[in-house]
Amino acid sequence: MASEPGELPLLSAAALVVLNEQAVKLRAELLALHGELARAQHQLGTQQSSRLVAANEKLVVAAMQAESIAETAVSDLDALARSSQYDALTETPNRRLMRDRLDSAIVMARRRSAHLAVIFVDVDRFKEINDTQGHAVGDAVLQRVARQLKLVLRDSDTVSRHGGDEFLALLSEVRQASDAALIAGKMLAGLAVPHPQGDQLCGVSVSMGIAVYPEDGDDAETLIGHADAAMYRAKKQGGGRFEFHQPAHFASGHAPLSGTCALLAPPPHEQRRVGGLVAVCAERRRGERRQGRVAERRRHPEGTRS
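Described in the following lines is the structure provided in the data block. Keep in mind the model is a prediction, meaning the values are calculated, not measured.

**Comments concerning the packing of helix 3 (residues 126-133) against helix 4 (residues 135-152)**
Put simply, helix 3 and helix 4 touch, their axes get as near as 7 Å, and they point 140° apart. Judged by the inter-axis angle, helix 3 sits oblique to helix 4. The segment helix 3 lies against helix 4, with Phe 126, Ile 129, Asn 130 and Gln 133 engaging His 135, Val 137, Gly 138, Val 141 and Leu 142. When grouped by side-chain class, the residues that make up the contact of helix 3 with helix 4 number five nonpolar, four polar and no charged.

Shown next, in the form of structure tokens:
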């Protein structure tokens, strides 16, 4: 059935109105969706940002903890390395480190055709000190000996605790035996100076043996053994002195072949107020020289010398 003229435009106008309303509605829904999407994206971004901040904070904390652990590990490793090379009581190189330094010094001396000296030091009557005054005083004596020996030596030299009450001193380069004798004499004199020891004021007496490279040996073991033997000779003579391994080798030297110094806590009548035990040491040496001159005059009275 054919539509009446004029009806189609009316229907088309109504449809357009409906379609327009639907379009407006759709546009509103689309805008709403855009808004929800924007809000969703913002919320997601905020959450992600918060998560990133939290993760970064954890990373920073973990890095700081790792750095702290690494520093502690390095410190512990250094302490372990030091404890394996140094004596805990005296803070001097132990036997192993001293042996390494002595081996190196021998190689250098051989290359330069130079001399070096090893001084073996033993504290006189140390067991008596421990037994009568206690181990704390004994430890203090060992620490004092170590400090005094280091005070006399050069930076290039080494003092080590060899074990118990024994020490080794390495003089890395000496021109002649008299250099070692001079150093040993300074050690004796320094240790003889009165110092608080428990409830007393005492000096420390030590016995020393000296071996010189290359005359007394060309390796570490031989030099240490010969210095040890010389030390025992000094101890058998009463202690408080030093002896060379082979005195005959240095008979033409300018230093005495052996030296003596004050013993631990000498009798009061032997002490002088000025100079303390060092004065005792000097007085004893002067007495020895006077005795030597008297003996020489007795052997060669006047008028009989050739």
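**Quick notes on the nonpolar core**
By size, the foremost hydrophobic cluster in this structure holds 34 residues, and its most contacted members are Ile 119, Leu 149, Met 187, Met 208 and Ile 210. At eight residues, helix 5 (residues 177-192) tops the list of elements feeding residues into this core. Aside from chain neighbours lying at most four places away, what touches Ile 210 is Ala 117, Val 118, Ile 119, Ala 180, Ala 184, Asp 216, Ala 227, Ala 230, Phe 242, Glu 243, Phe 244 and His 245. Membership of the second largest hydrophobic core comes to 18 residues, among which are Met 98, Ala 114, Phe 120 and Leu 170.

**Quick notes on helix 3**
Phe 126, Ile 129 and Asn 130 are the residues of helix 3 that are buried. Taken around the axis of helix 3, the buried residues stretch over an arc of 95°, which confines them to a single face. Structural note: helix 3 exposes Lys 127, Asp 131 and Thr 132 on the side pointing more than 90 degrees away from its buried face. Where helix 3 terminates, the next one or two residues include Gly 134, which has phi positive at roughly 100°.

**Quick notes on the pattern of salt bridges**
With the rule as written, the count across this model stands at ten salt bridges. Across the pair Arg 112 and Glu 173 runs a salt bridge whose closest N-O atoms are separated by 3.5 Å. Of the two residues, Arg 112 sits in helix 2 (residues 95-112) while Glu 173 sits in strand 3 (residues 166-174), which places them 61 residues apart along the sequence. Arg 175 is the partner of Asp 179 in a salt bridge, and the nearest nitrogen-oxygen pair spans 3.7 Å. The class of Asp 179 is buried, set by a relative accessible area of 18%. Residue Arg 175 is classed as exposed on the basis of its relative accessible area, which comes to 71%. When salt bridges that share partners are traced, they join Asp 122, Asp 124 and Lys 235 into one network.

**Here's the deal with the pairing of strand 1 (residues 115-123)**
The element strand 1 is extensively covered by neighbouring structure, given that eight of its nine residues are classed as buried. As paired elements, strand 1 and strand 3 share seven bridges and run antiparallel to each other. When the sheet's bridge partners are listed, Asp 122 is paired in strand 3 with Glu 166. Pairing geometry for strand 1 and strand 6 (residues 206-213), over eight bridges, is antiparallel. Looking at strand 6, one finds that Ala 117 is bridged to Val 212.

**A look at the packing of aromatic side chains**
Per the counting criterion, the structure on display carries one aromatic pair. When the centroid spacing of 6.4 Å and the interplanar angle of 90° are considered together, the rings of Phe 242 and Phe 244 count as edge-to-face. When its relative accessible area of 2% is taken as the criterion, Phe 242 is described as buried.

**Focus on the environment of Ala 146**
Tracing the chain through its elements places Ala 146 in helix 4. Judged by relative accessible area, Ala 146 falls into the buried class, the value being 1%. Sequence spacing of Ala 146 and Phe 167 is 21 residues, and the spatial spacing of their C-alpha atoms is 7.9 Å. Among residues more than four places away in sequence, those in contact with Ala 146 are Thr 90, Thr 92 and Phe 167.

Definitions and cut-offs
Residues numbered from 1 in each chain as written. Predicted model: local features only at pLDDT ≥ 70, side-chain atom pairs only at ≥ 80, totals over all residues. Heavy atoms only, no water. Axes fitted to C-alpha atoms, helices over the stretch in contact; angles between N-to-C directions. Helix = DSSP H or I, 4+ residues; strand = E, 2+ residues; numbered from the N terminus. Parallel < 35°, antiparallel > 145°, perpendicular 65-115°, else oblique. Contact = heavy atoms within 4.5 Å. Nonpolar A, V, L, I, M, F, W, Y, C, P; charged D, E, K, R; others polar. Core = buried A, V, L, I, M, F, W, Y, C linked by side-chain atoms within 4.5 Å. Buried < 20%, exposed > 50% of the residue type's maximum accessible area, 1.4 Å probe, protein only. Arc of directions from axis to C-beta. Salt bridge = Lys/Arg side-chain N within 4 Å of Asp/Glu carboxyl O. Pairing = 2+ DSSP bridges. Phe/Tyr/Trp six-rings, centres within 6.5 Å; stacked < 30°, edge-to-face > 60°.

Just distances and angles here, no functional claims.
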